[in-house]
Amino acid sequence: MSAERIGVIHATRLSIEPIEVSFKRLWPEANRAHLLDETLLQDRRAAGKLTPALYGRIAMLANHSADAGARCVLFSCSAFGAAIEAARAQMAIPVLKPYEAMVEAALDAGPRVVALSTFGPTLDELGEEVRAVAARRGIKVALRTQVAEGALSKLEAGDAEAHDRLVAKAAEAFPDCDALMLAQYSTASAARLIPEAKGRRVLTSPDTAVAWLKRTLAP
């Protein structure tokens, strides 16, 4: 096993399996150390925004991973972007937002980008990320977003198949794009149900994050 420990921080247990699937397929030797705090997402939903307390807790978890020997920290929950950026500014090791690597890969594919999510606030933050990266790279991006209504409640009730079908159904409306992003880690399993369309890449957060980590940390 690699000596390079990676801290992976979750706000929902639903994101643990998708990132493990990606690691096992793409970089099984990685030494990943998972942290789970489900109150983060509960309190984010209750507040409807990122509060100072949430900023502090995100920073605490990142520092805990670093103190435990992590060479890099990956956050898997997509509703804490600004708080993750604030924590990263104080860290001496790389800290990766859940969808950063996916956004770069999507814009590599072309300017016509679609983001699918099961949680509305994710699309707000992901949209900001896409536009910021596109501006930095000098790309005039055409971004469309869509919530797969009802999918998250199906997943939380334990019906993963119904969740994946609803996400795949939402994807049917977007055959004409360069990249289709499945925004959350929990939506990655729906990729297998989305048929190939000519010229369109289907991207998931965990696969692109693991690929980035391997390029950055693997010897």
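Use the structure listed above.
Quick caveat, the model's predicted, so the values are computed rather than measured.

Another point: the overall build of the chain. Helix and strand content of the chain: nine helices and eight strands. Taking 17 Å as the expected radius of gyration for a compact globule of 219 residues, we find that the chain reaches 16 Å, a close match to that expectation. Dimensions of the chain, computed from C-alpha atoms along their principal axes, come out at roughly 45 × 40 × 35 Å. Here the chain holds 219 residues, and 51% of them are scored as buried. Sequence-distant contacts, at least 24 apart, represent 67% of the contacts inside the chain between residues at least 6 apart. Accessible surface, the chain as shown: approximately 10,000 Å² in total, 52% of it carbon and sulfur.

Moving on: the pattern of salt bridges. Counting across every chain of the model gives 17 salt bridges. Between Arg57 and Asp43 there is a salt bridge, and its shortest N-O distance comes to 3.0 Å. Within this pair, whereas Arg57 is found in helix H3 (residues 52–67), its partner Asp43 is found in helix H2 (residues 39–47), the two being separated by 14 residues in sequence. Residues joined in a network through salt bridges with shared partners are Glu104, Asp108, Arg136 and Arg137.

One full turn of an α-helix is made of 3.6 residues, so residues set three or four places apart face in the same direction. With 13 residues, helix H9 (residues 205–217) should reach 18 Å at 1.5 Å per residue; the first-to-last C-alpha distance of 18 Å fits that figure. Listed in full, the buried residues belonging to H9 are Ser205, Pro206, Thr208, Ala209, Val210, Leu213 and Leu217. Its side-chain oxygen at 3.4 Å from the backbone nitrogen of Asp207, Thr204 defines the N-terminal cap of H9.

Taken as a whole, this structure holds one aromatic pair when the rule is applied. Between the NZ or CZ atom of Arg45 and the centre of the ring of Phe119, over which it lies, the distance is 5.3 Å.

Moving on, we get to the sheet that holds strand S7 (residues 179–182). Pairing is parallel in the open sheet, where four strands are placed in the order S6-S5-S7-S8. The sheet is open, and its two borders are formed by strand S6 (142–147) and strand S8 (201–204), each paired with just one other strand. Looking at each pair of strands side by side, their axes are set apart by 20 degrees on average, direction ignored. Direction of pairing for strand S5 (residues 112–117) relative to S7: parallel, over a ladder of four bridges. Each bridged residue has a counterpart across the sheet, and for Ala115 the counterpart in S7 is Met181. Packed on one face of the sheet, H9 meets S7 and S8 and runs near 75 degrees to S8.

The rules we used
Residues numbered from 1 in each chain as written. Predicted model: local features only at pLDDT ≥ 70, side-chain atom pairs only at ≥ 80, totals over all residues. Heavy atoms only, no water. Helix = DSSP H or I, 4+ residues; strand = E, 2+ residues; numbered from the N terminus. Rg over C-alpha atoms; globule rule 2.2 N^0.38 Å. Buried < 20%, exposed > 50% of the residue type's maximum accessible area, 1.4 Å probe, protein only. Contact = heavy atoms within 4.5 Å. Areas by Shrake-Rupley, 256 points an atom, 1.4 Å probe, with all protein chains shown as cover. Salt bridge = Lys/Arg side-chain N within 4 Å of Asp/Glu carboxyl O. Expected span 1.5 Å × (residues − 1). Polar contact = N/O pair within 3.5 Å; in protein donor to acceptor, adjacent residues only side chain to side chain. Phe/Tyr/Trp six-rings, centres within 6.5 Å; stacked < 30°, edge-to-face > 60°. Lys NZ or Arg CZ within 6 Å of the ring centre and 35° of its normal. Pairing = 2+ DSSP bridges. Axes fitted to C-alpha atoms, helices over the stretch in contact; angles between N-to-C directions.

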